[in-house]
Amino acid sequence: MTYKEGDVVLIRSMTGKAIPKFHVRLLERRIQESTGSWDGYKGWRAEMVYQSEIDVLRKRWSIPFKKPGDKTWVYDSEIIKKVATT
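Below you will find a few notes about this structure.

About the criteria used
Residues numbered from 1 in each chain as written. Predicted model: local features only at pLDDT ≥ 70, side-chain atom pairs only at ≥ 80, totals over all residues. Heavy atoms only, no water. Core = buried A, V, L, I, M, F, W, Y, C linked by side-chain atoms within 4.5 Å. Buried < 20%, exposed > 50% of the residue type's maximum accessible area, 1.4 Å probe, protein only. Helix = DSSP H or I, 4+ residues; strand = E, 2+ residues; numbered from the N terminus. Contact = heavy atoms within 4.5 Å. Pairing = 2+ DSSP bridges. Axes fitted to C-alpha atoms, helices over the stretch in contact; angles between N-to-C directions. Phe/Tyr/Trp six-rings, centres within 6.5 Å; stacked < 30°, edge-to-face > 60°. Polar contact = N/O pair within 3.5 Å; in protein donor to acceptor, adjacent residues only side chain to side chain.

1. What to know about the nonpolar core
1) Next: Val9, Ile11, Val24, Leu26, Met48 and Ile79 are the most contacted members of the largest nonpolar core, which has 15 residues in total.
2) Next: Among the elements of the structure, strand S1 (7-11), strand S2 (22-32), strand S3 (41-48) and helix H1 (51-61) are those that each provide at least two residues to this core.
3) Next: Those residues in contact with Ile79 that lie beyond four places of it in its chain are Tyr3, Val9, Leu10, Ile11, Trp44 and Val74.

Structure, rendered in structure tokens:
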């Protein structure tokens, strides 16, 4: 699926299935091609969307988000589906 800036997507963290899925808004696409022995990466700068999800991630998993708009990084492989376009 093709995503664009402003899309709100549902994410599953690659750190483990125990961490609940959460929503982010995609801000800027980044691609770093492979070079020699390094595989590179593809993903997005993104921002957190929902305070209720932020509260769970912070309180239960000690992930230091505080409010909607806090920035994070999302690899393409973490995106489950697009939820909305803004």
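Let us keep going from here.
2. Let's talk about the sheet that holds S3
1) Next: The strand order across the open sheet formed by 5 strands is S4-S3-S2-S1-S5, and the pairing between neighbours is antiparallel. Among the strands making up the open sheet, the edge pair consists of strand S4 (71-75) and strand S5 (79-85). On average, each strand axis in the sheet is tilted by 45° relative to the strand beside it, whichever way the strands run.
2) Next: Here S2 runs beside S3; their pairing, made up of 8 bridges, is antiparallel. Directly across from Val24, in S3, lies its bridge partner Met48.

3. Side note on the environment of Ile63
1) Next: If you trace the backbone, Ile63 turns up in the loop between H1 and S4.
2) Next: In this structure, Ile63 is in contact with Ile19, Leu57 and Arg58, ignoring residues within four places of it in sequence.

4. Let's talk about the packing of aromatic side chains
For any two aromatic rings, the description comes down to two numbers: the centre-to-centre distance and the angle of the planes.
1) Next: Enumeration over the complete set of coordinates arrives at 2 aromatic pairs.
2) Next: A ring pair is formed by Tyr41 and Trp73, whose centres lie 5.5 Å apart and whose planes are at 90°; its orientation type is edge-to-face. Placement of the pair is Tyr41 in strand S3 and Trp73 in strand S4, with a sequence separation of 32 residues.
3) Next: When its relative accessible area of 27% is taken as the criterion, Trp73 is described as partly exposed.
4) Next: Look at Trp73 and Tyr75: their rings are 5.6 Å apart centre to centre, the planes differ by 85°, and that puts the pair in the edge-to-face class.
5) Next: A relative accessible area of 32% places Tyr75 in the partly exposed class.

5. Focus: the side chain of Asp70
1) Next: Secondary-structure assignment places Asp70 in the loop between H1 and S4.
2) Next: With relative accessibility at 14%, the residue Asp70 sits in the buried group.
3) Next: Here Lys66 takes part through its backbone nitrogen, which lies 2.5 Å from a polar atom of the side chain of Asp70.
4) Next: Within the structure, the side chain of Asp70 is placed 3.0 Å from the side chain of Lys67, a separation counted as a polar contact.
5) Next: For Asp70, the contacting residues outside a window of four places in its chain are Ala46, Glu47, Met48 and Phe65.

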